[in-house]
Amino acid sequence: MFSDKEDFKQSFSEKLETTLGKKVDSATETDAYRALGSLLTDEINKNWLKTNKHYQESKEKQVYYFSMEFLIGRLMGNNLLNMQLLNTVRNGLDELGFSLTELEEKESDAGLGNGGLGRLAACFLDSLASLGYAGHGYGIRYKYGMFDQRIIDGYQVELPDRWLSKEYVWEVRRPEEALEVRFGGEVEMVEEKSGALTCKHTNYEQVRAVPYDVPVVGFDNETVNTLRLWSAEASEDDTLKKASKQSDFDNFLEHKRSLEEISEFLYPDDSHEEGKRLRLKQEYFLVSSGVQNALDNFEKLNLPLTTFPDHAALHINDTHPALLIPELMRILMDERGLGWEEAWDITQASVSYTNHTTLSEALETWPVGMVRSLLPRIFMIIDEINERFCQTLWERYPGDFDRIASLAIIADGHVKMAHLSIVGSHSVNGVAKLHTDILKKREMKIFYDTFPERFNNKTNGITHRRWLMHANEPLSALITESIGDQWVRQPDRLQDLLKYKEDTSFLNRLNDIKQEKKEELTAFIKDYSNITIDPSSIFDVQIKRLHGYKRQLLNALHIMHLYNNLKANPNFNMTPRTFIFGAKAAPSYHFAKKVIKLIHTIASVVNNDPAVRNRMKVVFLENYSVSMAERIIPATNISEQISTASKEASGTGNMKFMMNGAITLGTMDGANVEIHDLVGDDHIYTFGLSSDEVLEYYKNGFYSSRKVYDEDDRVRHTLDQLIHYSPFSKGETEFQDIYDNLITYNDEFFVLKDFASYIDTQAKISEDYLDTRLWNEKSLVNIARSGKFSSDRTIQEYASEIWKIEPSGILK
Ligand SMILES: *Cc1c(COP(=O)(O)O)cnc(C)c1O
């Protein structure tokens, strides 16, 4: 490793010459980015090798975290931070005429995920490596990640995300470790002479799974774990060699295309499952490659198969990788010769499952016919798991048909993936206290009653390294200067900041840093969207996927309401605000796209009206992503976490904001409840129905949005503006669907019901913000209490309570 700045400059210049054939003075920023990447990977590889060797020799248990999504974002800055090289490299580059910040921008933002679920997986990898746990990710190397969002005339347009068109410096292709995955064909059970049944699988289609490894660098230690992303390729079969006629080549090319399709693109639906065959192929492709690989690793230890669960934990992030359960059974029985019981014990003891949602449209089920034709052997095993499970239920609850029918894995011609996941694993966890309670008491009550010992809570977290230390360097520096640097390894120590609650000079510095970040964002928005905003206004931010339950619409209706007030009464008392949105809608989600259009319509009315110009602005930042979040969050005053209570399993955006001193404006939903517990009523703004009230309404059907509309003038006036002639509708039918959703279809997400308490709470915020000292104190309390939401805490809980592992990496 280079020892100092001069040494770095030397190595960097050499790197430019040896790998790119360039001198420093003729190198472009992209050249410099690539040279820096190459220089760092040289260093990382040394520890990577050491870590792998150590894991192999120590035979320590390895965790394999299976996820269809890893929303890792950019790695350069984070790797430098974790390697403790940020300052050396930044200063060295400066002297060579490069800006590190500019170079970081040259990296593709790896968008291999939709939102919270994929980002959680990325935070977990960072915490695993930083705490020295042997934990690795298995995912898919999508050729196209989350689509690029463009806004044209206020409408979302999706463009393919060509993230690999720039060289990706962090991955290593390992073709020598490629595996085969089989689809389709026929399966027959054949009786051997010995009397044993064996499985003959014929006429299948074979795909080559080629791993691309991305190193996961631990913070200030020597642990480098692995994120292994699988890419689908055609097998080097002999069809091509034998091909002589042109048509054979054409067939081969077509065949090759159809196989490569498997890792072509990420499905862009958040919290919605479409039941598409290609998606099922992707899921099996991931788990088959991963399970084979995990077993291969284990077999290098030369231990009896029954000890597999002592050496490997297989975790499934939501049900998408649930086919891991029958796939492990298949390999243990068909390829390793174990009997059912033995294989089942091993499987259950190694698998654990995280539930991420109770939204019914997000629960995965697959038509039996599709599973059977695409994965005939896997279907047989699922069927057998189901038969045996129902049999044990029958013994436990004789005659209780209803219970057995509702617990079954296969029902109504569909395979229920959540049921498979619960039955096949030893641990099922929710992602926040409230969410786990809802699982136990309602959504999965019947499973909880049957297997209470399997259920547990693991409240989500975020890595404070990316979201505080890297995203907000001035704040991190202030914290360290004030309470020392122990918080970096023990984020709970952020509580030591509470002693500055009454300290004027500290509070002023906190304020200055927020202001500095707001000014940076102001400049960015001018540059990116050509909108001028007022850095002294309240920055009120809602950035997350666009979804009905997240209620961006509630926020939008509030802005319309404020605008109306300002127009009706120029003396209307209101602290200047900037409303900032960032959100992608699933391409097929009509309602969500209409809300994007509405926000843009509101923005163009508000931003172009001289009468309100100095009081409010509305900004929709196109193409929301991890790196966009890193810019916005440190500059935020108000964190909008306004989902319909009971719908947001946890949220993790809420935690990032809290850690950066924003105040939450939220419903008592997901982890907002735990934020509230930590900071108390004075340091958070809560409003709206409780989850019990919401769930009660769903049960009894007593909610009438029409009644709210009839009784509340503010609601009626605002909603009418969507469909009658107004600055927002101009008499067109653009927003009829939104109106219908709220009135005709009775407002599934209680937007109107919560409207009054939302606008009242917003008015209170307007007032409170004027007391700068009080506001800074709120901000301080939020930062100080946010340590619990470091994913280090979350990972320590998973490690000790689910995976049963201790740190075993190289901690220096
Ligand atoms: C954290 C994060 C999310 C999750 O945000 P929620 O508000 O919890 O839904 C989604 N997308 C990106 C890019 C993120 O960084």
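Positions within a chain are numbered from 1, following the residues in the order the chain's sequence is written. Only residues with pLDDT of at least 70 are given local features in this predicted model, and only at 80 or more are side-chain atom pairs given and counted; all residues enter the totals for whole chains, interfaces and linings. Only hydrogens and water are removed before side-chain values are computed, so all heavy atoms of the structure are retained for them.

- Per an unreviewed UniProt entry, the chain carries the name Alpha-1,4 glucan phosphorylase and comes from Halobacillus campisalis.
- UniProt positions are given in the numbering used here, feature names are shortened, and annotations may be inferred rather than shown by experiment. The UniProt entry for the chain carries this comment under Cofactor (unreviewed entry): "pyridoxal 5'-phosphate".
- Heading Sequence similarities (unreviewed entry) of the UniProt record for the chain holds this comment: "Belongs to the glycogen phosphorylase family."

### What to know about helix H17 (residues 433-443)
And then number 1: Among all positions in H17, only Leu434, His435, Thr436, Ile438 and Leu439 are buried.
And then number 2: Elements that come into contact with the buried residues of H17 comprise strand E18 (427-430), helix H18 (445-450), strand E19 (455-457), helix H27 (672-679) and helix H28 (691-700). Think of it in three bands: residues with accessible area under 20% of the maximum for their type are buried, residues over 50% are exposed, and the middle band is partly exposed, with areas taken using a 1.4 Å probe on protein chains only. Each helix is a run of H or I in the DSSP string that is no shorter than four residues. Each strand is a run of E no shorter than two, and both are numbered from the N terminus. Every residue pair with non-hydrogen atoms within 4.5 Å of one another is taken to be in contact.

### Examining the packing of aromatic side chains
And then number 1: Centres within 6.5 Å make a pair out of two Phe, Tyr or Trp rings, where for Trp the six-membered ring is used; the pair is then stacked when the planes are under 30 degrees apart, edge-to-face when over 60, and tilted otherwise. Applying the stated rule across the entire model yields 28 aromatic pairs.
And then number 2: Measuring from centroid to centroid gives 4.7 Å for tyrosine 703 and phenylalanine 750, while their planes differ by 40°, and the two rings are tilted. One end of the pair, tyrosine 703, is in the loop between H28 and helix H29 (705-711); the other, phenylalanine 750, is in the loop between helix H31 (736-742) and helix H32 (751-769), with 47 residues separating them in the sequence.
And then number 3: The ring of phenylalanine 539 has lysine 518 lying over it, and the distance from NZ or CZ to the ring centre is 4.8 Å.
And then number 4: Geometry around tyrosine 155 places lysine 597 over its ring, the cationic atom sitting 4.4 Å from the centre. A ring is scored as having a charge over it whenever the NZ atom of a lysine or the CZ atom of an arginine sits within 6 Å of its centre and within 35 degrees of its normal.

### Considerations on the site of the ligand
And then number 1: In the vicinity of the ligand lie 14 residues, with Lys544, Lys550, Thr652, Gly653 and Lys656 positioned nearest.
And then number 2: The contact in question runs from an oxygen atom of the ligand to an N or O atom on the backbone of threonine 652, over 2.8 Å.
And then number 3: Under this definition, polar contacts are N or O atom pairs within 3.5 Å; protein pairs additionally need one hydrogen-donor-capable and one acceptor-capable atom, and for neighbouring residues in sequence, both atoms have to be side-chain atoms. Side-chain polar atom of lysine 656 to an oxygen atom of the ligand: 2.6 Å apart, as the coordinates give it.
And then number 4: Sorting the residues of the shell around the ligand by element identifies helix H6 (116-130) and helix H26 (653-659) as the ones contributing at least two each.
And then number 5: For the shell around the ligand, a count of residues per class yields 4 nonpolar, 6 polar and 4 charged. Whether a residue is near a molecule or strand depends on its heavy atoms: if one lies within 4 Å, it is near. The nonpolar class holds Ala, Val, Leu, Ile, Met, Phe, Trp, Tyr, Cys and Pro. Asp, Glu, Lys and Arg form the charged class, and all remaining residues, Gly among them, are polar.

### Some details on unusual backbone geometry
And then number 1: For serine 646, which is not glycine, the phi torsion reads 90° and is therefore positive.
And then number 2: Among the structural elements, serine 646 can be located in the loop between strand E23 (638-641) and H26.
And then number 3: In this model, lysine 804 sits at a positive phi of 55°, which is unusual for a non-glycine residue.
And then number 4: For lysine 804, the position within the fold is in the segment after helix H34 (791-803).
And then number 5: Look at lysine 804 and you get exposed, because its relative accessible area is 58%.

### Quick notes on the sheet that holds strand E17 (residues 414-416)
And then number 1: Should DSSP find at least two bridges between two strands, the strands are taken to pair. Strand order across the open sheet formed by 3 strands is E15-E17-E16, with antiparallel pairing between neighbours. At either margin of the open sheet sits one strand with a lone partner, and together these are strand E15 (365-367) and strand E16 (410-411).
And then number 2: With 3 bridges connecting them, E15 and E17 associate as antiparallel partners. Counted as the bridge partner of proline 367 is histidine 414 from E17.

### Quick look at the sheet that holds strand E24 (residues 663-666)
And then number 1: One open sheet holds the 6 strands; their spatial order is E22-E21-E20-E23-E24-E25, and the pairing between them is parallel. Because the sheet does not close on itself, it has two edges, and the strands there are strand E22 (616-620) and strand E25 (685-686).
And then number 2: The pairing of E23 with E24 spans 4 bridges and is parallel. Counted as the bridge partner of glutamine 641 is glycine 666 from E24.
And then number 3: Strands in contact with helix H22 (residues 504-529) are strand E20 (538-543), strand E21 (577-582) and E22; relative to E20, the strand with the most contacts, it is inclined by about 60°.
And then number 4: Contacting E21 and E22, helix H24 (residues 590-607) crosses the sheet at an angle of about 145° to E22. Only the contacting stretch of a helix is used when fitting its axis, a line to C-alpha atoms as for every element, and angles between N-to-C directions run 0 to 180 degrees.

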